[in-house]
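# Observations on the three-dimensional arrangement
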Amino acid sequence: MTVVFCHGLEGSPQGKKAQALRAAGLDVVAPDFTGQDLAARVATLLPVLAAHPGCTLVGSSYGGLAALCGAILHTRAGGRIRGLVLCAPALLRSEPPADVTGLAPPCPTICIHGRRDALIPVDLVEAWAARHANVALELRDDEHVLANSLDRIVAAAAQFESQAQRE
């Protein structure tokens, strides 16, 4: 099975989260979204999801919002996502296509968020998670980049991948 990783605004496909996922032995596909707005990121992501049916999707910050929107649109078109791991998702951004998707995760979702996140308010993420029964919110003693939570991000992605192997 494949993990598709969506980096944030200041991240890259070779950033620390992608490196940690690869170092754990996961098969990672990480499109390059550098310089793209949300609509362009989702347009880039959708063919990747189609090429990797049943993947685990991991997104960080703005990439978390892109992953969520991409998962919603992909499943509406008949595709399947095994699970979502959202790392400090930029849920406060309201731009196409986030403004029309409803931001309801279409699959089991683990949301990892830092209690000391200065960019994405914790209460916003808590309220979003509370509205969706398939979201497990994990608040960590960390900041927005979740540098101290790489092990948990990897474990969350691996959790969905190990479920795939048992099925």
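Further up the page is the structure itself.
Residue indices begin from 1 for each chain and proceed along its sequence in written order. A pLDDT threshold of at least 70 governs which residues receive local features in this predicted model, and a stricter bar of 80 or more applies before side-chain atom pairs are shown or counted, although totals over entire chains, interfaces and linings include all residues. With hydrogens and water stripped out, all remaining heavy atoms of the structure feed into the side-chain values.

A few words now on the overall build of the protein. Helix numbering and strand numbering both begin at the N terminus, where a helix is a DSSP run of H or I of at least 4 residues and a strand a DSSP run of E of at least 2. Scanning the protein for helices and strands turns up six helices and six strands. Written out in order from the N terminus, the α and β elements of the protein read β-α-β-α-β-α-β-α-β-α-β-α. Relative to a compact globule of 167 residues, whose C-alpha radius of gyration would be 15 Å, the protein shows 14 Å and is just as compact. Counting only C-alpha atoms, the protein reaches 35 × 35 × 35 Å along its principal axes. For the radius of gyration, the atom set is restricted to C-alpha positions; the globular benchmark scales as 2.2 Å times the number of residues to the power 0.38.

With that out of the way, let us pick up the pairing of strand E4 (residues 81-87). Each residue is placed in one exposure class: buried if its accessible area under a 1.4 Å probe, protein chains only, is under 20% of its type's maximum, exposed if it is over 50%, and partly exposed if it falls in between. Taken across its seven residues, E4 has seven buried, putting it largely inside the fold. Strand pairing is assigned whenever DSSP identifies at least 2 bridges connecting the two strands. Two elements, strand E3 (residues 55-60) and E4, share six bridges in a ladder whose sense is parallel. In the strand pairing of E4, Ser-60 is matched with Cys-87. This β-α-β element, E3 to helix H3 (residues 62-76) to E4, shows right-handed connectivity. Pairing of E4 with strand E5 (residues 109-114) involves four bridges; the strand directions are parallel. From the neighbouring strand, Leu-86 faces E5, where its bridge partner is Cys-111. Clockwise travel from the first strand over the helix to the second, with the strands pointing away from the viewer, marks a crossover as right-handed.

Attention shifts here to the sheet that holds E3. Strands sit in the order E2-E1-E3-E4-E5-E6 across an open sheet of six strands; the sheet is parallel. A strand with exactly one partner marks an edge of an open sheet, and here the two such strands are strand E2 (27-29) and strand E6 (135-140). Pairwise comparison of adjacent strand axes, ignoring direction, gives a mean angle of 20 degrees for this sheet. The sheet contact formed by strand E1 (residues 2-6) and E3 spans four bridges and is parallel. Bridge assignment links Val-4 to a residue of E3, and that residue is Leu-57. Along the sheet, helix H5 (residues 122-130) makes contact with E4, E5 and E6, crossing E6 at roughly 155 degrees. With axes taken as lines fitted to C-alpha atoms, and helix axes fitted only over the stretch in contact, angles between N-to-C directions fall between 0 and 180 degrees. Any pair of residues with heavy atoms lying within 4.5 Å of one another is described as a contacting pair.

Looking now at the nonpolar core. What makes a nonpolar core is a set of buried Ala, Val, Leu, Ile, Met, Phe, Trp, Tyr and Cys residues whose side-chain atoms join them at distances within 4.5 Å. Counting residues in each nonpolar core, the largest one holds 32 residues, and the members touching the most others are Leu-38, Leu-57, Leu-68, Leu-84, Leu-103 and Trp-128. Secondary structure elements with two or more residues in this core: E1, helix H2 (38-51), E3, H3, E4 and H5. It is H3 that contributes the most residues to this core, eight residues altogether. Once residues lying within four places of it in the same chain are set aside, the contact partners of Leu-57 are Val-4, Cys-6, Leu-45, Leu-49, Ala-67, Ala-71, Ile-81, Gly-83, Leu-84 and Val-85.

How two helices sit against one another is set out by the angle between their axes and by the gap between those axes. Where H2 meets H3, the closest approach of the two axes is 9 Å, and the angle between their N-to-C directions is 55 degrees. By the angle between their directions, the pair H2 and H3 is classed as oblique. In this structure, the crossing between H2 and H3 has a hand that is right-handed. Touching Leu-38, Arg-41, Val-42, Leu-45, Leu-46, Leu-49 and Ala-50 of H2 are Tyr-62, Gly-63, Leu-65, Ala-66, Ala-67, Cys-69, Gly-70, Ala-71, Leu-73 and His-74, all from H3. Each residue gets one label: Ala, Val, Leu, Ile, Met, Phe, Trp, Tyr, Cys and Pro are nonpolar, Asp, Glu, Lys and Arg are charged, and the others, such as Gly, are polar. The class makeup of the residues in the contact of H2 with H3 is 13 nonpolar, three polar and one charged. If an angle is under 35 degrees, it is roughly parallel; if it is over 145, roughly antiparallel; if it lies from 65 to 115, roughly perpendicular; otherwise it is oblique. With the far helix as reference, a near helix turned anticlockwise by less than a right angle produces a left-handed crossing, and one turned clockwise produces a right-handed crossing.

So, on to unusual backbone geometry. Among all residues except glycine, the phi angle is most often negative; among peptide bonds, the trans geometry is most common. Residue Pro-97 is bonded to the preceding Pro-96 through a cis peptide linkage, with omega at 0 degrees. The topology assignment puts Pro-97 in the loop between E4 and helix H4 (98-101). The phi dihedral of Ser-61 falls on the positive side, at around 60 degrees, and the residue is not glycine. With respect to the helices and strands, the residue Ser-61 is situated in the loop between E3 and H3.

Now for the layout of surface pockets. When its volume is computed, the largest pocket comes out at roughly 520 Å³. Considering the residues around the largest pocket, the lining is formed by 22 residues, among which Gly-8, Glu-10, Gly-11, His-144 and Val-145 are closest to the centre. Residues of the lining of the largest pocket, tallied by class, amount to ten nonpolar, eight polar and four charged. Using a 1 Å grid laid over the protein atoms alone, points where a 1.4 Å probe fits but cannot get out form a cavity; open sets with protein on both sides within 12 Å along at least 5 of 7 lines form a pocket; any residue with an atom within 4 Å of a point counts as lining. Grid points are joined across faces, edges and corners, and a volume is the space filled by probe spheres set on the points.

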